[in-house]
Amino acid sequence: MISSAIVFSALELGCIYALVALALFLSFRVLNIADMTTDGAFTLGCAVSATFAVAGHPILGLPAAMLAGACAGSVTAFLQTKLQIPSILAGIITNTGLYTVNLAVMGFSSNVNMMKAATVFSMVQPLFGKTFYKLIPVAILTACVGILLALFLKTRLGLSIRATGDNPDMVRASSINTGFTITVGLCVSNSLTALSGAVLAQYQKTADINLGTGMVIIGLASLIIGETLLPKGKIWLKILGAVLGSVVYRFIIAIALRMDLPSECLKLISATIVALAIGLPAIKSSLKPATAKGGK
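The structure contained in this document is the topic of the report that follows. (Residues numbered from 1 in each chain as written. Predicted model: local features only at pLDDT ≥ 70, side-chain atom pairs only at ≥ 80, totals over all residues. Heavy atoms only, no water.)

## Brief notes about the environment of Ile-140
With respect to the helices and strands, the residue Ile-140 is situated in helix H6 (residues 135-152). Judged by its relative accessible area of 45%, Ile-140 is partly exposed. When the C-alpha atoms of Ile-140 and Asn-167 are compared, they prove to be 34 Å apart, with 27 residues separating the residues in sequence. (Helix = DSSP H or I, 4+ residues; strand = E, 2+ residues; numbered from the N terminus. Buried < 20%, exposed > 50% of the residue type's maximum accessible area, 1.4 Å probe, protein only.)

Below, the structure is given as structure tokens:
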């Protein structure tokens, strides 16, 4: 039986990781770019947030982490648009370089402990009580980010970014600078990823150099689960699906842990979920001829 503590933990983590799903929605679905900067940008957000919290500025750590993530995204965009490096390779290069940057931010230590430092959650605990002081802030934050992202994609710049992902040649013919739209898209995407890492670091009161490992898989799993659960529709529905998929994914992981599966298996479970979700259309199409023959 799943306890209330597990349910609250799944909801809280689901909201936090939903920011990564929203980031990948922007880069992977809207811009049609496989951005591999995600892992490093997530850890960068953790490192910046933890460093600011230890220094006594936990709230300031969140926008600082977003700014750092945007800088990481701009580097990837520069490699891709100015140096003509393929998007996947550009992300890998940035992600590799971020390992050293993240270590430097954490004072060349592999982890930062915040057990004695104030966090945004400890600051709002008197307001929301001991039960909801983590869930309510992350839920509000995720909802606000989702609404702002939906509104942003309906602006003129947002529509240009969407058009760049759909048909970059047509966008260039319309005198729109695709290099600029890609840069803005990747900066916003990685700032959301870094924000997720920043919130997680203060949520668990620790930052580790390996926290971002496999974050692309987790984000994709959440995104694809959401797309499976909700039908294709308007932007706000897709954003809602990404958030819902993240929460469902965390419940799947919670159930797996409840079944006493080793924590080392979680990455394999994530990869399996992504593979099955992506391959589901092909599996369905391969079963249709067999079903049709059986019916005849």
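Right, picking up where we left off after that structure.
## Points about the layout of surface pockets
Of the voids in this model, the largest pocket is the one considered here, and its volume is about 440 Å³. Tyr-17, Ile-218, Arg-250, Ile-253 and Leu-266 are, among the 21 residues lining the largest pocket, the residues nearest its centre. For the lining of the largest pocket, the elements supplying multiple residues, two or more each, are helix H1 (4-30), helix H9 (178-204), helix H10 (215-229), helix H11 (235-258) and helix H12 (266-295). Taken together, the residues of the lining of the largest pocket sort by class into 13 nonpolar, six polar and two charged. Estimates place the volume of the second largest pocket at around 370 Å³. Lining the second largest pocket are 17 residues; nearest its centre among them are Phe-25, Arg-29, Glu-227, Lys-232 and Lys-238. (1 Å grid on protein atoms, 1.4 Å probe; cavity = no way out; pocket = protein on both sides within 12 Å on 5 of 7 lines; lining within 4 Å. Points joined across faces, edges and corners; volume = space filled by probe spheres on them. Nonpolar A, V, L, I, M, F, W, Y, C, P; charged D, E, K, R; others polar.)

## Quick notes on the packing of aromatic side chains
Here the structure, examined in full by the defined rule, presents three aromatic pairs. Ring geometry for Phe-8 and Phe-132: centres 5.6 Å apart, planes at 70°, overall edge-to-face. A residue pair is termed long-range when its members are at least 10 positions apart, and Phe-8 in helix H1 and Phe-132 in helix H5 (residues 120-132) qualify at 124 residues. Against the face of Tyr-203 rests Lys-134, its NZ or CZ located 4.6 Å from the ring centre. (Phe/Tyr/Trp six-rings, centres within 6.5 Å; stacked < 30°, edge-to-face > 60°. Lys NZ or Arg CZ within 6 Å of the ring centre and 35° of its normal.)

## Let's talk about the pattern of salt bridges
Taken as a whole, this structure holds two salt bridges when the rule is applied. Residue Glu-227 is joined to Arg-29 by a salt bridge in which the shortest nitrogen-to-oxygen separation is 2.5 Å. Taken as a pair, Glu-227 in helix H10 and Arg-29 in helix H1 lie far apart in primary sequence, 198 residues in all. Residue class for Glu-227 comes out partly exposed when judged on its relative accessible area of 34%. Of the charged contacts, one joins Asp-169 and Arg-172 as a salt bridge, the two residues approaching to 2.9 Å between their closest N and O atoms. In this pair, Asp-169 and Arg-172 are both assigned in helix H8 (residues 168-173), three residues apart and thus about one turn of the helix distant. Exposure remark for Asp-169: the relative accessible area of 55% places this residue in the exposed category. (Salt bridge = Lys/Arg side-chain N within 4 Å of Asp/Glu carboxyl O.)

Read these as layout, nothing more, since geometry by itself doesn't imply function.
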